[in-house]
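Chain and residue survey
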Amino acid sequence: KADSVHTLLVQALQSDDRQLLEQCLSVTSPQVVQATVAKLHPAAVSGLLAKVVTKFHSRPTRGVNLVTWIRSILTQHTSYLMTQPDVVRTLTPLYQLVESRVS
């Protein structure tokens with residue numbers, strides 16, 4: 001299952017297909033999400049993270065599903081993300097949303 005989700009996810013990111021991306025993000029199995037994210041090429045990670053954080057920020061009620069994706073991206077690609085200058089800009093809305101929920 002992770003192979004097919006990975007293939008669809010790469011296609012969605014390359015073609016900027018929102019519907020296909022939604023189909024991929026609807027997968028909630030932690031094992032499938034982790035395996036899918038692990039197979040991603042580092043170049044695709046920043047784009048996926050930005051899209052998932054944007055979706056989470058625009059509809060926080062989807063947080064339960066999207067947090068699985070965010071957690072997998074952050075834990076499996078931390079070293080790559082730390083080299084990206086735009087990672088702070090990408091993660092700031094997520095931080096602000098979590099901070100406002102916790103306060």
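The structure this text deals with has already been given above.
These numbers come from a predicted model, not from an experiment.

Thoughts on the overall build of the chain
Per the secondary structure count, the chain includes seven helices and zero strands. Going residue by residue from the N terminus, the α and β elements of the chain occur as α-α-α-α-α-α-α. Its C-alpha radius of gyration of 13 Å places the chain within 12% of the 13 Å reference for a compact globule of 103 residues. Each principal axis of the C-alpha distribution contributes one length, and for the chain these read about 40 × 30 × 25 Å. Burial statistics for the chain: of 103 residues in total, 38% are counted as buried. Summing over all exposed atoms, the chain offers an accessible surface of approximately 6200 Å²; the carbon and sulfur share of this is 56%.

Side note on the nonpolar core
Core analysis: the biggest nonpolar cluster contains 28 residues, and L9, L48, V52, W69 and I73 have the highest contact counts within it. Secondary-structure elements contributing two or more residues to this core are α1 (2-15), α2 (18-25), α3 (30-39), α4 (42-58), α5 (63-76) and α7 (87-102). Examining the composition of this core, we find that six residues originate from one element, α4, more than from any other. Excluding residues that lie within four positions of it along the chain, I73 makes contacts with V37, V45, L48, L49, T78 and L81.

What to know about the packing of α2 against α4
The geometry of α2 relative to α4 is characterised by a closest axis approach of 12 Å and an angle of 80° between their N-to-C directions. The pairing of α2 with α4 is recorded here as roughly perpendicular in orientation. From α2, L21, E22 and L25 reach across to α4, where they touch L48, K51, V52 and K55. When the residues that make up the contact of α2 with α4 are grouped by side-chain class, the tally is four nonpolar, no polar and three charged.

A look at the pattern of salt bridges
Think of it this way: side chains of opposite charge can pair up when their charged atoms draw near. Overall, the coordinates contain four salt bridges when judged by the stated rule. Here K55 and E22 are joined by a salt bridge, their closest N and O atoms 2.6 Å apart. Remark: E22 occurs in helix α2 and K55 occurs in helix α4; sequence separation between them is 33 residues. Using a relative accessible area of 27% as the deciding quantity, one classes E22 as partly exposed. Taking the shortest distance from any N to any O, the salt bridge between E22 and R62 comes out at 3.0 Å. One end of the pair, E22, is in helix α2; the other, R62, is in the loop between α4 and α5, and 40 residues separate them in sequence. A cluster of three or more residues bridged by salt bridges with shared partners is formed by E22, K55 and R62.

Thresholds applied
- Residues numbered from 1 in each chain as written.
- Predicted model: local features only at pLDDT ≥ 70, side-chain atom pairs only at ≥ 80, totals over all residues.
- Heavy atoms only, no water.
- Helix = DSSP H or I, 4+ residues; strand = E, 2+ residues; numbered from the N terminus.
- Rg over C-alpha atoms; globule rule 2.2 N^0.38 Å.
- Buried < 20%, exposed > 50% of the residue type's maximum accessible area, 1.4 Å probe, protein only.
- Areas by Shrake-Rupley, 256 points an atom, 1.4 Å probe, with all protein chains shown as cover.
- Core = buried A, V, L, I, M, F, W, Y, C linked by side-chain atoms within 4.5 Å.
- Contact = heavy atoms within 4.5 Å.
- Axes fitted to C-alpha atoms, helices over the stretch in contact; angles between N-to-C directions.
- Parallel < 35°, antiparallel > 145°, perpendicular 65-115°, else oblique.
- Nonpolar A, V, L, I, M, F, W, Y, C, P; charged D, E, K, R; others polar.
- Salt bridge = Lys/Arg side-chain N within 4 Å of Asp/Glu carboxyl O.

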